[in-house]
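Remarks on the overall topology
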Amino acid sequence: MIEPSRELRDVCAVVGAGHSRLGQVPGVSSLDLLVEAMRNAIADAGLTVSDIDGIICRGPDESYSHHQLIGERLGINARFSTSLDNGGASQILAVALATMAIKAGLASTVICGYGRDSWSRTHSSKEANIRNETRPDSQLAHEFGPEYGYFGAVAAHALGATRHMHLYGTTRDQFGAIAVAFREHALRNPDAQMKKPLTIEKYHAAPQVVSPFGLYDCSLRSDAAGAVIVTSRERAHDLRQPPVLIKGFGSFNNLRGWFNDDNMVVTAAKNSGGTAYRMAGLGPDDVDTAQIYDCFTYMVLTQLEDYGFCKKGDGGPFVASGALRMGGLLPTNTAGGQLSEAHVEGMLQVVEGVRQLRHTYPAERQVADAEIALVSGHGGNTVCHSTLILGRA
Amino acid sequence: MSSAAQKPLPRPAPESVPYWQAAREHRLELPRCNACGKFWFPPSRSCPHCLAADFAWTPVSGVGKVFSFVIFHRVYHPAFAQEVPYVVALVELAEGPRLLSNIVGVPPEAVACEMPVKVVFDDVAEGASVPKFVPLNAPAR
C-alpha cells in the first residue's frame, strides 16, 4: 500500500475563512460571489491581497481557465494558480494542492475557493426551473438516461439510497433525522438560507421528488461562495486568527463508476478517509466534529460509515441516535450544511471546519472543546472524493 | 405545459451506434471482448476489463434483476408529465453489465431490488426503439 507523506502533516495552516452572501443573491455572478468570499477571507486573515501569491479554485463548469478570471478581479498575478475539475471533491483538493505547493516552495500564501449562482440559474425562467439543472448542456448525457426520463443528481444518489435500504434496512425516518439535525444547526446560523424549523413530521409530509428522496432529502439551490487561505505554519503564527493546522488529507476516485462494483453503498470516502487518517496519524475516534458533503441525506449516512464512525450498514441507527446534533457524539454540519445553510459544493464545509477549531463561536454554535475536524468533499458524477483533517494548533 | 412535448430520443455517440441499431431490430447486444470474453456497458471501443481492442457486438439473454431503482415523482421534462410516477432502475444483466432503464408493466410499488426482469422493446419513434424491462414472469406482450 502507498503511504501518504507524513512530511505534509502540520506544515501548513488555514489562516483565513470567508463566505459571501448566501441564498438568493440575484444579479451577482458566480465570479463576483467568489470574489466577495475571497475579500472576506483576506480581511479575516488580516492580510492584504498583495500577500496572496497562489489561487486554486474551480468552475463554474463552463468557464475556461477560471483561476485567471479570479486573479484578474483580485488584481494580482500568482506564482501558482490553477482550476480544478473534480466536482464537489475539488474544494478540499484545492487546500491539499495549496499545501503541496507551499511545501514545494512554489507559493507562500494560497487562496482557495468556489462560488456558484445555482439559485439564480434555476430560477431564471420557467423552463430552467422545471429542468432544475445547473450543468451546461454540453455536460449532460445524451443517451442511456434521458430517453428513460432519468435526469439530475437526485436520481443518481437515490439509486444508492434504495440499495442501502435494501441491504441494511435503512429507513426514511433515519434519513429524516439527518435533515432535522442540520436544520437545527442552520437556525443558529444567522446567514443560513433556511430559516424555518423542520420536524420529522414535516419531513415525511413533504412531496416526493425521486423516491426514496423527498424535498428535504435534497440540498439547496444557492447563490453562494466560500474561500479559505492557506500558508505555512511559521507564517500563520504572526497572523490575526488562531491558526488551524492541516493535519492530513486524502483523495480517492471510483472512476469505474457509481453503477459499478459496490460504489453506491461503499463510496470513495472509504479510501480517501483512510489516506487522510494515515497522513494525520489519527482515526475516527479522534474526530470531534465532522463537516460532511451533504448533497442528499443518504450521502451523509453512507459517508459516516465509510469514515468509520460506525460500521457499514449501521449508519441508520447512528444518525437516529442524535449523534449528529450539537452535544451529540459527532456534531456534524454544524452551520447547517448544504441541506440547510447553502450549497457551495463542499466549500462551506471547509469554512465551518476551520471556524469550529478557532473556538470563537457563541456557545450555542460551538462544538465544545473541538480539537479535530474532519471535512469531506464528494462529486464529479458521484465518484470523486476528498478528505481534509484539521486540528487546533 | 405543452402536451406535444417529445420525449428525448437517444443521441448516440459514435461508439454506441450499433447498440441502437440492434435495439431498432428488437435485439439487445453489447460489446464483448474477444480476448477475455467479458461484456461491458456503456459501449466503448476497448475492453475496460483487459483493455483489448478486439471485440464483437454480441446478443445477450435480456434477462437480469433489479440492482436498484427509484420512482420519479417530479417532472423534469414536460414530455414525462403524464408518466409520473414512473420507475427508473439499474438492471444487472445475467451477463454482468448494469443498464439504466424503465421497469414497465407493473405498478411502481411492486418493484423491488433483486426482482427478476426481462427486456422488452418500446418503439418510441419511427426508427427508434428503447429497451425496457418487465417482470420475468410477466406474460409476453
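Okay, so let's go over this structure. Counting restarts for each chain, with residues numbered from 1 along the sequence as it is written. In the order they appear in the text, chains get letters beginning with A and ligands get numbers beginning with 1. Per-residue local features of the predicted model are confined to residues with pLDDT of at least 70, and side-chain atom pairs are confined, for both listing and counting, to 80 or more; whole-chain, interface and lining totals are unaffected and use all residues.

Points about the overall build of chain A
Heads up, the condition is: Runs of H or I in DSSP of at least four residues are treated as helices and runs of E of at least two as strands, each being numbered from the N terminus. For the radius of gyration, the atom set is restricted to C-alpha positions; the globular benchmark scales as 2.2 Å times the number of residues to the power 0.38. In this scheme every C-beta is placed from the backbone, and a residue whose C-beta has 20 or more other C-beta atoms within 10 Å is buried, one with 12 or fewer is exposed, and one in between is partly exposed. Residues are treated as contacting if the C-beta atoms built from their backbones sit within 7 Å of each other.
Looking only at helices and strands, chain A has 14 helices and eleven strands in total. Over its C-alpha trace chain A gives a radius of gyration of 19 Å, about what one expects of a compact globule, namely 21 Å for 393 residues. Across its three principal axes, chain A shows a C-alpha extent of roughly 50 × 45 × 45 Å. Evaluated residue by residue, chain A yields a buried proportion of 58% over its 393 residues. Partitioning the contacts of chain A with sequence separation of at least 6, the portion at a separation of at least 24 is 78%.

A word on the sheet that holds strand β3 (residues 80–84) of chain A
Residues and elements named next belong to chain A. Stated precisely, the cut-off is as follows: Any two strands between which DSSP finds at least two bridges are classified as paired. All axes are obtained by fitting lines to C-alpha atoms, using only the stretch in contact for helices, and the reported angles, taken between N-to-C directions, cover 0 to 180 degrees.
With respect to topology, nine strands assemble into an open sheet ordered β3-β2-β4-β7-β1-β8-β11-β10-β9, the strand pairing being mixed. Edge strands, defined here as strands with exactly one partner in the open sheet, are β3 and β9 (289–291). Going from strand to strand, the sheet's axes swing by 25 degrees on average, the running direction of each strand aside. In this structure, strand β8 (residues 244–253) lies alongside strand β11 (residues 384–392), joined through nine bridges in antiparallel fashion. Residue Asn-253 lies in a different strand from β11, and its bridge partner there is Cys-384. Here helix α14 (residues 347–358) sits on the sheet and contacts β1 (12–19), β4 (109–117), β7 (223–232), β8, β9, β10 (372–379) and β11; the angle it forms with β7, its principal contact strand, is near 55 degrees.

What about the interface of chain B and chain A?
Stated precisely, the cut-off is as follows: Amino acids outside the nonpolar list (Ala, Val, Leu, Ile, Met, Phe, Trp, Tyr, Cys, Pro) and the charged list (Asp, Glu, Lys, Arg) are all regarded as polar, and Gly is one of them.
Each partner contributes residues to the interface: chain B has 31 residues there, and chain A has 27 residues. When contributions to the side of chain B that touches chain A are tallied by element, the ones reaching two or more residues are β3 (63–72), β4 (86–93) and β5 (98–102) of chain B. In terms of residues, the side of chain B that touches chain A owes the most to one element, β3(B), which gives five residues. Classifying every residue of the side of chain B that touches chain A by side-chain character gives 20 nonpolar, six polar and five charged. With two bridges connecting them, strand β5 (residues 208–211) of chain A and β3(B) associate as antiparallel partners.

Things to note about the environment of B:Phe80
Residue and element names in this part refer to chain B. Within the secondary structure, Phe-80 sits in the loop between β3 and β4. The class for Phe-80 is buried, based on 20 C-beta atoms found within 10 Å. In this structure the C-alpha to C-alpha distance between Phe-80 and Ala-94, which are 14 residues apart in sequence, comes to 30 Å.

With respect to the nonpolar core
Most often, soluble globular proteins keep nonpolar side chains buried together rather than apart. So the rule is basically this: To define a nonpolar core, we join buried Ala, Val, Leu, Ile, Met, Phe, Trp, Tyr and Cys residues through C-beta atoms within 7 Å and take the resulting set. Domain delimitation follows an automatic or database domain assignment.
Core analysis: the biggest nonpolar cluster contains 150 residues, and A:Val14, A:Val95, A:Cys112, A:Val228 and A:Leu390 have the highest contact counts within it. Counting residues per element, this core draws most heavily on helix α3 (residues 90–103) of chain A, at nine residues. When residues of this core are assigned to domains, at least three fall in each of domain 1 (13–59) and domain 2 (61–141) of chain B. Here A:Val228 is in contact with A:Val14, A:Gly16, A:Ala17, A:Ala41, A:Val95, A:Cys112, A:Val350, A:Val351 and A:Val354, once residues within four sequence places are set aside.

Points about unusual backbone geometry
Residues and elements named next belong to chain B. Following Phe-41, the chain continues into Pro-42 via a peptide bond in cis, with omega recorded as 0 degrees. Along the chain, Pro-42 falls in the loop between β1 (29–33) and β2 (55–59). Note that the residue after Val-84, namely Pro-85, is joined by a cis bond; omega there is -5 degrees. As for its placement among the helices and strands, Pro-85 is situated in the loop between β3 and β4. In this structure, His-26 takes a positive phi of about 60 degrees despite not being glycine. Of note, His-26 is situated in the loop between α1 (17–24) and β1. Take His-26: there are 13 C-beta atoms within 10 Å of it, and that puts it in the partly exposed class.

Examining the environment of A:Leu167
Residue and element names in this part refer to chain A. Mapped onto the elements of the fold, Leu-167 is located in helix α6 (residues 152–168). As a C-alpha pair, Leu-167 and Pro-242 span 75 residues in sequence and 45 Å in three-dimensional space. Those residues in contact with Leu-167 that lie beyond four places of it in its chain are Val-265 and Gly-313.

Here's the deal with the packing of α6(A) against helix α11 (residues 297–306) of chain A
Describing two packed helices takes the angle between their axes plus the distance from one axis to the other. All names here are of chain A. This is how the line gets drawn: For this classification, under 35 degrees means roughly parallel, over 145 means roughly antiparallel, 65 to 115 means roughly perpendicular, and everything else is oblique. By the definition used in this description, the sense in which the near helix is turned from the far one sets the handedness, with an anticlockwise turn below a right angle giving left-handed and a clockwise turn giving right-handed.
Two elements in contact, α6 and α11, have axes whose closest approach is 9 Å; the angle formed by their N-to-C orientations is 55 degrees. When the axes of α6 and α11 are compared, the pair comes out oblique. Crossing hand, α6 versus α11: left-handed. Residues His-157, Gly-160, Ala-161 and His-164 of α6 lie in contact with α11, whose contacting residues are Tyr-298, Met-299 and Thr-302.

Focus on helix α1 (residues 30–45) of chain A
Residues and elements named next belong to chain A. Basically, it comes down to this: Take the number of residues in a helix, subtract one, and multiply by 1.5 Å to get its expected span.
When the terminal C-alpha atoms of α1 are compared, their 23 Å separation across 16 residues agrees well with the 22 Å that a helix rising 1.5 Å per residue should span. All buried positions along α1 are accounted for by Ser-30, Leu-33, Leu-34, Val-35, Glu-36, Ala-37, Met-38, Ala-41, Ile-42, Asp-44 and Ala-45. In the core, the buried residues of α1 are packed alongside β1, β2 (54–58), α2 (66–74), β4 and β7.

So, the pairing of β8(A)
Residues and elements named next belong to chain A. Buried residues dominate β8, accounting for nine of its ten residues. As defined by bridge partners, β1 adjoins β8 across two bridges and the pair is classed as antiparallel. Residue Ala-13 lies in a different strand from β8, and its bridge partner there is Leu-245.

Some thoughts on the packing of helix α7 (residues 172–187) of chain A against α11(A)
Residue and element names in this part refer to chain A. Packing of α7 against α11 brings their axes to within 9 Å, and their N-to-C directions diverge by 100 degrees. Classified by the angle between their axes, α7 and α11 sit roughly perpendicular to one another. Where α7 approaches α11, its residues Gln-174, Phe-175, Ile-178 and Ala-179 are matched on the opposing element by Thr-297, Tyr-298, Val-300 and Leu-301. Partitioned by chemical class, the residues of the contact of α7 with α11 number six nonpolar, two polar and no charged.

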